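# A structural walkthrough
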Amino acid sequence: KKDNSHVDCNSSNCGGYTLEAELGITPNGYSEPDYLGWEIKQYSVPSFGRDYSKVITLMTPEPTGGFYKKEGVIDFLYKFGYADKSGKKNRINFSSPHRIGETNNTRNLRLELIGYDKASNKITDASGGIALVSRDEEIAALWGFSHIIDHWKRKHAQAAYIPSLSKNEGFREYHYSNTIKLGEGTDFFKLLSAMVNKDIYYDPGIKMENAHSKNPKTKRRSQFRVSSRQLASLYHSMSDEKLC
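In what follows, the accompanying structure is described. (Residues numbered from 1 in each chain as written. Predicted model: local features only at pLDDT ≥ 70, side-chain atom pairs only at ≥ 80, totals over all residues. Heavy atoms only, no water.)

### Points about the pattern of salt bridges
This is how it is decided: Throughout this description, the term salt bridge denotes a Lys or Arg side-chain nitrogen within 4 Å of a carboxyl oxygen of Asp or Glu. Secondary structure elements are taken from DSSP: a helix is a run of H or I of four residues or more, a strand is a run of E of two residues or more, and numbering for both begins at the N terminus. Whether a residue is buried, partly exposed or exposed follows from its accessible area with a 1.4 Å probe, protein chains only, as a fraction of its type maximum: under 20%, in between, or over 50%, in that order.
Tallying each qualifying case throughout the model produces 15 salt bridges. The partner of arginine 91 in a salt bridge is glutamate 209, with the nearest N and O atoms 3.9 Å apart. Of the two residues, arginine 91 sits in the loop between β3 (82-83) and β4 (92-95) while glutamate 209 sits in strand β15 (residues 205-209), which places them 118 residues apart along the sequence. By relative accessible area, which is 16% here, arginine 91 ends up buried. A salt bridge links aspartate 240 to lysine 181, with the nearest nitrogen and oxygen atoms 3.3 Å apart. Taken together, the residues aspartate 240 in strand β18 (residues 237-242) and lysine 181 in strand β13 (residues 179-184) connect sequence positions 59 residues apart. Judged by its relative accessible area of 53%, aspartate 240 falls in the exposed class. Take lysine 181: its relative accessible area is 13%, and that puts it in the buried class.

Structure follows, in structure tokens:
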């Protein structure tokens, strides 16, 4: 917790929180590296010793423009979300992967890079960004280049990717591999190229509960994700290192 106290975390996605707790990292939303100048990323694998293709969340920035920013997450969900498919009442979701140049059929939104020329790998309009665009060309959400550039350079100049195993025998335990991936040196255009190549995609986990009450409860999580096998494309140097 933010007051440096520890609480139990027994859900299946607690590997990252557990590792951060072991390293003395306080959960925060700051755009700074986690530990001694390194961004720390954990990902779950079924066993050590193999190069599995596993999904890793690179960053979770909130949109800086578009309908989402102007009207807020509640109105965004009313307009672009959909009723929970598992039958949970009064719940509206916005999820499923979105990739550059493809229309996601769930809500007919496509992900685009506005103000970027992929042929020259250059930004042609600094006011542009990563955008969710509707069929009638409305920008549903925008992550401005200036915001993402700063976030990426600060957080990912050096990054450590650490595989983990977990088991649950009444309470969840984690075991972290001593062989980790180290990514060193990056730039924003590597990120954009990886998006054009569809290696990185937008995979939101946004929801609203009690949607039709006076006090709806929202969860905001705009995730940009990548397969562990595509990490090398993001860095000038990627190596596997054995710690002990």
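From this point, things continue past the structure.
### Regarding the nonpolar core
Quick note on the threshold: Definition used in this section: a nonpolar core is a set of buried Ala, Val, Leu, Ile, Met, Phe, Trp, Tyr and Cys residues joined via side-chain atoms within 4.5 Å. Any two residues whose heavy atoms approach within 4.5 Å at even a single point are treated as in contact.
Counting residues in each nonpolar core, the largest one holds 44 residues, and the members touching the most others are Leu58, Phe94, Leu132 and Ile200. No other element matches the five residues that helix α5 (residues 188-196) contributes to this core. Aside from chain neighbours lying at most four places away, what touches leucine 132 is Phe94, His98, Leu109, Arg110, Leu111, Glu138, Ile139, Ala140, Ala141, Trp143 and Tyr202. Counting residues in each nonpolar core, the second largest holds eleven residues, with Leu19, Ile25, Ile40 and Ile180 among its members.

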